[in-house]
Amino acid sequence: MVHERRRPRFPGGPAMTPNASDSPVYEVFALRYASHYGRRSADNFLGEDPLHMPEMPLDFFVWLIRGQGRTVLVDTGFTPETAVRRGRHYHSHPVDLLGRLGVNANDINDVIVTHMHYDHAGNLAEFPGARIHMQTTEMQYCTGHSMRHPQLRKNYEAVDVAAAVQSLYEGRLHFVDGDAEIAPGISVHLCGGHTKGLQFVTVATARGEIILASDALHYYENIRRNIPFPSFVDLGEYLDGLARIAARAKDLDRIIPGHDPLALTAFPLSQFSSDIAMVHANPVTRLSFEDSPADTADV
Ligand SMILES: [Zn+2]
């Protein structure tokens, strides 16, 4: 099979504006706290040929942004109890992984919830002092009439939604409508598609802007091949999101997918844990739109 060696074509989208030299920069860490083994590639790509089914595990992450006197957590992961109930392999509690980096839960000033799915928004009670940033549409969706349907609510945990409502009544929930700057050099962007109110996060780092895509794409291959992960509420919005991220990213290595084990092999590991990758650093493996999937299938 011949692959074209060029960047996939996506419609529209602005080019990235480079940071001025005096702009703030942050360290960004991907912390893997759990995994789902036994998956096949057909589970991860819409319309994948079921006969073409190599094993393709899925990792669960939270992300830490640190610098400029700020400590920002992107997503909070799920609990060990949820892991048992849903048959996921739990490596470490996200709070314990933060501890490896010298961060206490009380140090977290801001929690960005990319969306309210169980694997992203559990453990909110562990961060009682943090301001929580969420898209209005996500809160409306996970507390709205669509949750009458078991197949739509199955990726949410009522206890997580209740914790978000609790933070609202404590005056700690900051609603975002669309795109917003959380702090200089850290912004959130409404993306939709996977859920109604998913947001991805852009962060200024020493190597330029990186995009914490969360579940706008689960794997690098979702965006490189422009094939959605088969879990979405609006396919058009999902594809628009891929196009927007592809247009914004300077190259593939500026994107950090929501669930790709490659994050732990493509970027340098922290000296404190083999489950923590330093995604603000230059990758140790080439990740480029210019490569065909076959070129890097074994990385
Ligand atoms: Zn997820």
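Quick caveat, the model's predicted, so the values are computed rather than measured.

**Student:** Hey, could you go over the overall build of the protein for me, with residue numbers and the actual values?
**Tutor:** Counting its regular elements, the protein contains 9 helices and 14 strands. When the 299 residues of the protein are sorted by exposure, 44% land in the buried category. Sequence-distant contacts, at least 24 apart, represent 69% of the contacts inside the protein between residues at least 6 apart.

**Student:** Tell me what's going on with unusual backbone geometry, and back it up with residues and numbers.
**Tutor:** Positive phi, normally seen in glycine, also occurs at Asn123, with a value near 65°. Position of Asn123 among the secondary structure elements: in the loop between α3 (118–121) and β6 (131–135). On the neighbour-count criterion, Asn123 (23 C-beta atoms within 10 Å) is buried. A positive phi angle is found at Ser214, which is not glycine, with a value near 50°. Examined against the element boundaries, Ser214 turns out to sit in strand β11 (residues 208–214). On the basis of neighbour count, Ser214 is assigned to the buried category, with 28 C-beta atoms found within 10 Å.

**Student:** Please give an account of the sheet that holds strand β8 (residues 179–183) that cites residues and values.
**Tutor:** Across the sheet, which stays open at both edges, the 5 strands sit in the order β8-β9-β10-β11-β12 with mixed pairing between neighbours. Looking at strand neighbours, the two that pair on one side only are β8 and β12 (255–257), the edges of this open sheet. Adjacent strand axes in the sheet meet at a mean angle of 25° when their direction is disregarded. Of the pairings in the sheet, the one linking β11 to β12 comprises 3 bridges and is parallel in character.

**Student:** Residue-level account of the pairing of strand β14 (residues 273–278), with values.
**Tutor:** Judged from the 3 bridges that link them, strand β1 (residues 27–36) and β14 form a sheet pairing that is antiparallel. If you follow Ala30 over to β14, its bridge partner there is Ala277. From the end of strand β13 (residues 269–270) to the start of β14, which pair antiparallel, there are 2 residues.

**Student:** Tell me what's going on with helix α8 (residues 235–248), and back it up with residues and numbers.
**Tutor:** If you check α8, its first and last C-alpha atoms are 20 Å apart, about what 14 residues at 1.5 Å a residue would give, namely 20 Å. When α8 is considered as a whole, its buried residues turn out to be Tyr238, Gly241, Leu242, Arg244, Ile245 and Ala246. In this structure, the buried residues of α8 make contact with β10 (199–205), β11, α7 (220–224) and β12.

**Student:** Could you give me a rundown of the nonpolar core, with the residues and numbers involved?
**Tutor:** Formed by 73 residues in total, the largest nonpolar core has its most connected members in Leu31, Trp63 and Ile245. In contact with Trp63, other than residues within four places in its own chain, are Val28, Phe29, Ala30, Leu31, Val74, Asp75 and Leu212.

**Student:** Any details on helix α6 (residues 158–169)? Residues and values, ideally.
**Tutor:** The first and last C-alpha atoms of α6 sit 17 Å apart over 12 residues, in line with the 16 Å expected at 1.5 Å per residue. Every buried residue of α6 is accounted for by Asp160, Ala163, Ala164 and Ser167. Relative to the axis of α6, the buried residues are bounded by an arc of 100° and lie together on one face. Facing away from the buried side of α6 by over 90 degrees, the exposed positions are Ala158 and Tyr169. Positive backbone phi, at 75°, marks Gly171, one or two positions downstream of α6.

**Student:** Hey, could you go over the environment of Pro128 for me, with residue numbers and the actual values?
**Tutor:** Position of Pro128 among the secondary structure elements: in the loop between α3 and β6. Of the residues examined, Pro128 has 13 C-beta atoms within 10 Å and is grouped as partly exposed.

**Student:** I'd love a proper account of the environment of Phe232, names of residues and values included.
**Tutor:** When you line up the elements, Phe232 lands in the loop between α7 and α8. The partly exposed category is assigned to Phe232, around which 19 C-beta atoms lie within 10 Å. It is 8.8 Å that separates the C-alpha atoms of Phe232 and Lys196, two residues lying 36 residues apart in sequence.

**Student:** Mind laying out the pairing of strand β9 (residues 186–190), listing which residues take part and the relevant values?
**Tutor:** In terms of burial, β9 is a largely internal element, 4 of the 5 residues being buried. As judged from the 4 bridges shared by β8 and β9, these two strands associate in the antiparallel manner. What sits directly across from Ala180, in β9, is Val188. The hairpin turn running from β8 into β9, its antiparallel successor, is 2 residues long, and Gly185 in that turn takes a positive phi close to 90°.

Rules used in this analysis
Residues numbered from 1 in each chain as written. Predicted model: local features only at pLDDT ≥ 70, side-chain atom pairs only at ≥ 80, totals over all residues. Helix = DSSP H or I, 4+ residues; strand = E, 2+ residues; numbered from the N terminus. Buried ≥ 20, exposed ≤ 12 C-beta atoms within 10 Å, placed from the backbone. Contact = placed C-beta atoms within 7 Å. Pairing = 2+ DSSP bridges. Axes fitted to C-alpha atoms, helices over the stretch in contact; angles between N-to-C directions. Expected span 1.5 Å × (residues − 1). Core = buried A, V, L, I, M, F, W, Y, C linked by C-beta atoms within 7 Å. Arc of directions from axis to C-beta.

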